Amino acid sequence: MDGGVVVGSSGSRDYPGKMTFYVFFACLIAATGGLIFGYDVGISGGVTSMDSFLEKFFPAVHRKELDTVSTNQYCKFDSQLLTAFTSSLYLAALVSSLFASTMTRKLGRKWSMFSGGVTFVVGATLNGSAVNVAMLILGRLLLGIGVGFTSQSVPLYLSEMAPARLRGMLNIVFQLMITIGIFVANVINYGTEKIKGGWGWRVSLALAAVPGAIIAIGALTLPDTPNSLIERGHDEEAKAMLRKIRGTTDIEAEFEDLVVASNQSKAVKHPFANIRMRKYRPQLTMAILLPFFQQLTGINVVMFYAPVLFKTIGFGSSASLMSSLITGLINVIATFVSIFTVDKLGRRKLLLEGGIQMFLGQIVLGILIAIKFGTSGVADVSKTYAIFVVAFICVFVTGFAWSWGPMGWLVPSEIFPLEIRSAGQSISVSMNMLLTFTIAQVFLAMLCHMKFGLFFFFAAWMFIMTMFVYFFLPETKNVPIEEMILVWKKHWFWGNFIVDEDIHNGDVENGRPSNIVHLCSQEHVSAVDIRSHAVKKKMATEAGPS
Ligand code: BGC
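Residues numbered from 1 in each chain as written. Predicted model: local features only at pLDDT ≥ 70, side-chain atom pairs only at ≥ 80, totals over all residues. Heavy atoms only, no water.

Draft legend 1. Examining the overall build of the protein more closely. Along the protein, the regular secondary structure elements total 26 helices and 0 strands. By residue count, 60% of the 546 residues in the protein fall in the buried class. By sequence separation, contacts in the protein at least 24 residues apart represent 80% of the contacts at least 6 residues apart. (Helix = DSSP H or I, 4+ residues; strand = E, 2+ residues; numbered from the N terminus. Buried < 20%, exposed > 50% of the residue type's maximum accessible area, 1.4 Å probe, protein only. Contact = heavy atoms within 4.5 Å.)

And the structure:
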């Protein structure tokens with residue numbers, strides 16, 4: 001994160017070491033956990049727009065759909081049962097991500113990933129062979145448990161394995177895998193929709209077993225993180241692992257810090273109760289609001305329902321799936337922008353730019369739909385007009401892909417002090433799932449009632465969240481994770497919640513003075529101060545004892 005300056009929980013050390021191939025591949029394998037999440041997001045929209053699928057499981061929706069332009073286009077897909085199919089997964093993911101934290105802590109991160117993968121494979125099998133709605137929904141609940149377990153453990157695993165200065169970039173690989181999963185699902189739907197005989201949807205649903213198997217088998221090959229090994233009392237193995245992943249034998253400083261960190265977090269018996277303390281208010285607010293806002297961009301309306309939406313504006317089945325293919329590919333490509341810029345431009349700039357871009361995209365989309373469909377929802381849309389709609393959906397999706405998409409996962413994962421980090425992460429993941437569930441569940445009904453106003457509804461949220469970022473979200477790029485409290489302390493608003501005594505770290509409690517306390521007692525602490533503080537420490541270490 002900080003050009004090689006990595007400060008551990010002691011607040012006074014740099015860790016030697018580099019990014020090894022070993023750690024690179026371990027992170028790459030773990031990040032494939034994002035594939036199952038993405039595959040699922042991408043597959044359900046396509047499947048629910050396939051005639052043969054609707055005919056078999058949701059005949060009433062199918063009949064309504066056949067009623068073409070004479071029926072109100074806004075309402076033809078509104079079915080509680082159909083939305084339950086899509087959204088049930090996120091309810092299961094919400095609950096299971098809370099349970100996953102126990103397995104992740106007690107047995108190690110890899111076993112949560114493994115269990116997630118296996119459950120996902122079983123869910124995919126059930127879905128692919130479904131003969132009734134009950135089997136479909138049961139399958140989706142199992143897929144949801146898989147998503148919950150992997151989303152809880154993978155980001156944690158990545159943060160613990162990655163060298164601190166590459167944490168941001170490696171964290172976004174998880175988001176990249178989500179987008180790849182969505183895109184692959186779009187491609188598969190495009191192919192299976194063409195299968196004669198009406199069983200294409202079975203192939204789409206059953207193929208979810210592939211990403212499930214990738215993460216399950218991959219997890220078996222993964223080493224445990226040093227943090228997890230220490231937490232479970234395997235100190236010697238943890239040292240050996242540190243030497244291997246950092247590519248150096250000089251790991252004592254980091255090892256000691258991990259032991260301090262582990263003791264410290266063991267001392268906090270009830271992290272979920274502790275997180276409610278006043279001093280954690282800034283982080284708790286972000287843990288709740290960032291995933292909340294991420295979902296209120298309306299991104300999953302596009303991701304789940306793009307084919308349905310495109311059909312609504314008059315595209316044929318195949319053209320609808322083709323258009324979601326385009327948005328899916330753009331989503332993947334634009335994610336690379338954030339991978340390469342997040343540690344240079346910073347989180348705020350990307351969020352502000354992306355927010356404005358998405359706001360404009362939603363407004364134009366709302367106007368385009370309003371002009372054609374008005375409030376009656378009846379229209380005949382020309383090809384050119386439809387292409388305009390797709391283009392503005394792309395403007396919206398790229399904005400998301402380099403702002404709220406990755407940042408919605410990255411920022412919550414880097415702002416918590418160690419003692420509440422895992423509780424904070426769980427809250428953030430379940431909040432994300434809760435909102436994903438809610439949007440998936442109510443979107444089609446909202447479209448039916450709010451009509452084109454729905455786009456303005458999301459635009460209004462974009463405005464609110466962009467203002468929120470501008471005023472309330474401090475920049476966290478290049479700030480060593482254990483010094484993050486300084487960022488809150490110097491913030492015009494959040495600073496009020498943190499008193500000087502709250503600014504401490506492991507070593508203060510162990511009787512060693514901390515530079516952080518000293519630094520914060522100065523009146524004006526800027527990001528530059530924080531950075532130069534870290535740089536000075538590095539120089540002092542390199543110069544040796546004076
Ligand atoms: C969100 C998902 C969304 C995906 C789209 C993720 O960051 O959490 O809900 O479907 O991005 O790329």
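Draft legend 2. The pattern of salt bridges, seen in detail. What the rule picks out here adds up to 9 salt bridges. In this structure, the salt-bridge partner of arginine 109 is glutamate 160, at a minimum N-O distance of 2.8 Å. Of this pair, arginine 109 sits in helix H6 (residues 109-128) while glutamate 160 sits in helix H7 (residues 133-161), and the two are 51 residues apart along the sequence. One exposure class covers both arginine 109 and glutamate 160, and it is buried. When the shortest N-O distance is used, the salt bridge between glutamate 231 and arginine 109 registers 3.6 Å. (Salt bridge = Lys/Arg side-chain N within 4 Å of Asp/Glu carboxyl O.)

Draft legend 3. Structural detail: the side chain of glutamate 254. Topologically, glutamate 254 is positioned in helix H13 (residues 252-267). A polar atom in the side chain of glutamate 254 sits 3.1 Å from the side chain of arginine 246. (Polar contact = N/O pair within 3.5 Å; in protein donor to acceptor, adjacent residues only side chain to side chain.)

Draft legend 4. Local environment of the nonpolar core. In this structure, Phe53, Trp404 and Met433 are the most contacted members of the largest nonpolar core, which totals 140 residues. Ranked by the residues each element gives to this core, the list is headed by helix H21 (residues 421-450), at 12 residues. The contact partners of phenylalanine 53, leaving out residues within four places of it in the chain, are Val47, Thr48, Phe58, Phe85, Leu136, Trp201 and Leu205. (Core = buried A, V, L, I, M, F, W, Y, C linked by side-chain atoms within 4.5 Å.)

Draft legend 5. Structural context of the environment of methionine 177. Mapped onto the elements of the fold, methionine 177 is located in helix H8 (residues 167-192). You can call methionine 177 buried: its relative accessible area is 10%. Setting aside residues no more than four positions away along its own chain, methionine 177 makes contact with Leu28, Ala31, Thr32, Gly34 and Leu35.

Draft legend 6. Inspection of the site of the ligand at higher detail. Taken together, the neighbourhood of the ligand is formed by 13 residues, with Gln175, Gln294, Gln295, Asn300 and Asn331 sitting nearest. Here glycine 405 contributes a backbone N or O atom positioned 3.4 Å from an oxygen atom of the ligand. At a separation of 3.0 Å, an oxygen atom of the ligand approaches a polar side-chain atom of tryptophan 409. Computed on the free molecule, the ligand has an accessible area of 310 Å², of which 100% lies beneath the protein chains in the complex. Put simply, the parts of the chain that give the shell around the ligand at least two residues each are H8, helix H15 (281-296), helix H16 (299-312) and helix H20 (404-415). In terms of residue count, the dominant contributor to the shell around the ligand is H8 (3 residues). (Near = heavy atom within 4 Å. Areas by Shrake-Rupley, 256 points an atom, 1.4 Å probe, with all protein chains shown as cover.)

Draft legend 7. Just the packing of helix H2 (residues 33-47) against H7, in detail. At a minimum axis distance of 8 Å, the contact between H2 and H7 shows a crossing angle of 140 degrees. Of the possible angle classes, the one that applies to H2 and H7 is oblique. Considering how the two elements wind past one another, H2 and H7 form a crossing that is left-handed. Contact residues: Gly33, Ile36, Phe37, Asp40 and Ser44 in H2; Arg140, Leu143, Gly146, Val147, Thr150, Ser151 and Val154 in H7. Considering only residue class, the contact of H2 with H7 consists of 5 nonpolar, 5 polar and 2 charged. (Axes fitted to C-alpha atoms, helices over the stretch in contact; angles between N-to-C directions. Parallel < 35°, antiparallel > 145°, perpendicular 65-115°, else oblique. Left-handed = near helix turned anticlockwise from the far one by under 90°. Nonpolar A, V, L, I, M, F, W, Y, C, P; charged D, E, K, R; others polar.)

Draft legend 8. Highlighting unusual backbone geometry. Of note, the phi angle at lysine 451 is positive, near 55 degrees, even though the residue is not glycine. With respect to the secondary-structure elements, lysine 451 resides in the loop between H21 and helix H22 (453-472). For lysine 451, a relative accessible area of 18% translates into the label buried.

Draft legend 9. Representation of the packing of aromatic side chains within the structure. Overall, the coordinates contain 30 aromatic pairs when judged by the stated rule. A ring pair is formed by phenylalanine 57 and tryptophan 201, whose centres lie 5.1 Å apart and whose planes are at 85 degrees; its orientation type is edge-to-face. Here the residue phenylalanine 57 occupies a position in helix H3 (residues 51-57), and tryptophan 201 occupies one in helix H9 (residues 200-206), the gap between them amounting to 144 residues. Side by side, phenylalanine 57 and tryptophan 201 carry an identical accessibility label, which is buried. Relative to phenylalanine 497, the ring of tryptophan 494 has its centre 5.6 Å away and its plane inclined at 45 degrees; by these criteria the two rings are tilted. Members of the aromatic cluster, connected to one another through ring pairs, are Phe292, Phe293, Trp404, Trp461, Phe468, Phe472, Trp488, Trp492, Phe493, Trp494 and Phe497. One cation-aromatic arrangement involves lysine 239 over phenylalanine 255; the distance from NZ or CZ to the ring centre is 4.8 Å. (Phe/Tyr/Trp six-rings, centres within 6.5 Å; stacked < 30°, edge-to-face > 60°. Lys NZ or Arg CZ within 6 Å of the ring centre and 35° of its normal.)

Draft legend 10. Here's a closer look at H6. An ideal rise of 1.5 Å per residue puts 28 Å on 20 residues; H6 measures up with 29 Å between its terminal C-alpha atoms. In terms of burial, H6 is a largely internal element, 14 of the 20 residues being buried. (Expected span 1.5 Å × (residues − 1).)

Draft legend 11. Looking closely at the confidence of the model for the protein. On average, residues of the protein score 82 in pLDDT, and 83% of them reach the 70 mark or higher. Across residues 505-536, confidence stays below pLDDT 50; counting only partners more than four residues off in sequence or on other chains, it has 53 contacts. Every residue in residues 541-546 scores below 50 in pLDDT, and together they form 1 contact with partners more than four places removed in sequence or on other chains. (pLDDT = per-residue confidence, 0-100.)

Draft legend 12. Summary view of the side chain of arginine 140. Position of arginine 140 among the secondary structure elements: in helix H7. One polar contact links the side chain of arginine 140 to the main-chain carbonyl oxygen of phenylalanine 85, over a distance of 2.3 Å. Residue contacts for arginine 140: discarding those within four places in its chain leaves Asp40, Ser44, Phe85, Thr86, Ser88, Leu89, Tyr90 and Asn127.

Draft legend 13. Helix H1 (residues 21-31), seen in detail. Looking only at H1, the buried set comprises Val23, Ala26, Cys27, Ala30 and Ala31. Buried residues along H1 cover an arc of 130 degrees about the axis, so they all sit on one side. Of the surrounding secondary structure, the elements contacted by the buried residues of H1 are H2, H6, H7, H8, helix H10 (209-221) and helix H12 (235-246). (Arc of directions from axis to C-beta.)

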